[in-house]
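Okay, here's what each chain looks like letter by letter:
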Amino acid sequence: MITDDLDLAKNILNSGGVIAIPTETVYGLAGNAMDTNSIASIFRIKNRPYFNPLIAHIGEIEQLKSLCNTIPVEAQKLIDAFWPGPLTLVLSKKKSVPNLLTSGLDKVAVRMPSHPLTLKLLKSIKYPLAAPSANPYKYVSPTSAQHVESQLGSAIPLILDGGQCKIGLESTIIGFEDNDVVIYRLGGLAIESIEEVLKKPIAIKTKSESDMLPGQEKKHYSPGKKIVLIPFAGALPSLVSPDVLITWKPQESSHKSISLDGSDISGASRIFSLLRELDNPQIGKIFIELAPEKGLGKAINDRLMRAAYPF
Ligand code: AMP
Ligand code: MG
């Protein structure tokens, strides 16, 4: 059922059930983050391996105390600047947080989403929500209630409808290692914005390092199609028909572009719907131009590279 009835949503969650919720990043598959049975249901419905930990979503800063032991000074600065918003912080975990949520790690990932409906829901319940993207494992993330319905509609009792996701990319994930702030996942908050607040450059875990991190698989977001990536502003293949070419911004050489106006904001909000449209047997090989490597362009390119990873 697709609805915006918060009471119905709350009742299902309170009895240990799993529903889909809207956030500003993507739709999440949500259940009580402190209840092992609810967490297990999320893994099962998504067919997600248990070694891939989930993010706990909170509605009040106060709730952080029930999840983590200490908040590093730099984490607090980021919380003040960006919560609620598309930023996840990986912090040291309290013993009472279920190990299933964190895949046995001694850290827990936490975020406060900014979507008004979900924020209202979170403020009305007494526990955080575990909420990975509401799609089957390795498939494209959903940015509308209809996307969720098309794949998980029969597996869950309720999809809370909050319209199209404004940002359209998953959260940026930040961790604190010794004295360093590191990025584990590029996402809906640009690195430049984070560096501006911390007044220092931050390290992105290199590919080989991040391969060892849970949930950073090379192949993900797959529309089951061969995708050929073209460097931004590279030579667009002249023999390619405009039907099978997706450029970064509108161009005569293609019928479709990722961004409608060349901005990273527009590109981010459209990328997952575009990848989803490619999941159509009528479409063969497709050529896609990468985004300029700045702002959200870096995260968009990260998703494109994983969507294009050979199968
Ligand atoms: P999502 O798939 O959007 O739910 O994001 C979950 C991702 O957050 C995981 O795949 C990890 O990359 C990251 N993550 C969650 N919990 C932790 C943790 N405790 N330590 C490190 N990374 C984490
Ligand atoms: Mg996901």
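For the structure, see preceding data.
Residues numbered from 1 in each chain as written. Chains lettered and ligands numbered in written order. Predicted model: local features only at pLDDT ≥ 70, side-chain atom pairs only at ≥ 80, totals over all residues. Heavy atoms only, no water.

**With respect to the pattern of salt bridges**
Alright, step 1. Per the stated rule, a full pass over the model turns up 9 salt bridges.
Alright, step 2. A salt bridge links Glu 60 to Lys 123; its shortest N-O distance comes to 3.8 Å. With Glu 60 in the loop between β4 (55-57) and α3 (64-67) and Lys 123 in helix α5 (residues 116-124), this residue pair connects regions lying 63 residues apart in the sequence.
Alright, step 3. Under the relative-accessibility criterion, Glu 60 is labelled partly exposed at 35%.
Alright, step 4. One salt bridge in this structure joins Glu 62 and Lys 65, with 3.1 Å as the shortest N-O distance. You'll find Glu 62 and Lys 65 in the same group, each marked exposed.
Alright, step 5. The network of salt bridges with shared partners includes Glu 170, Asp 302, Arg 303 and Arg 306. (Salt bridge = Lys/Arg side-chain N within 4 Å of Asp/Glu carboxyl O. Helix = DSSP H or I, 4+ residues; strand = E, 2+ residues; numbered from the N terminus. Buried < 20%, exposed > 50% of the residue type's maximum accessible area, 1.4 Å probe, protein only.)

**Notes on the packing of aromatic side chains**
Alright, step 1. Going through the model one piece at a time under the given rule, you end up with 1 aromatic pair.
Alright, step 2. When the centroid spacing of 4.8 Å and the interplanar angle of 45° are considered together, the rings of Phe 43 and Tyr 50 count as tilted. (Phe/Tyr/Trp six-rings, centres within 6.5 Å; stacked < 30°, edge-to-face > 60°.)

**Let's talk about the nonpolar core**
Alright, step 1. Judged by nonpolar contacts, the single largest core of 72 residues is most densely connected at Leu 89, Ile 174 and Leu 275.
Alright, step 2. Broken down by element, this core gets its largest block of residues, 5 residues, from helix α9 (residues 264-277).
Alright, step 3. Leave out the neighbours within four places in its chain, and Ile 174 touches Leu 78, Leu 87, Thr 88, Leu 89, Val 90, Val 181, Val 182, Ile 183, Tyr 184, Ile 194 and Ile 202. (Core = buried A, V, L, I, M, F, W, Y, C linked by side-chain atoms within 4.5 Å. Contact = heavy atoms within 4.5 Å.)

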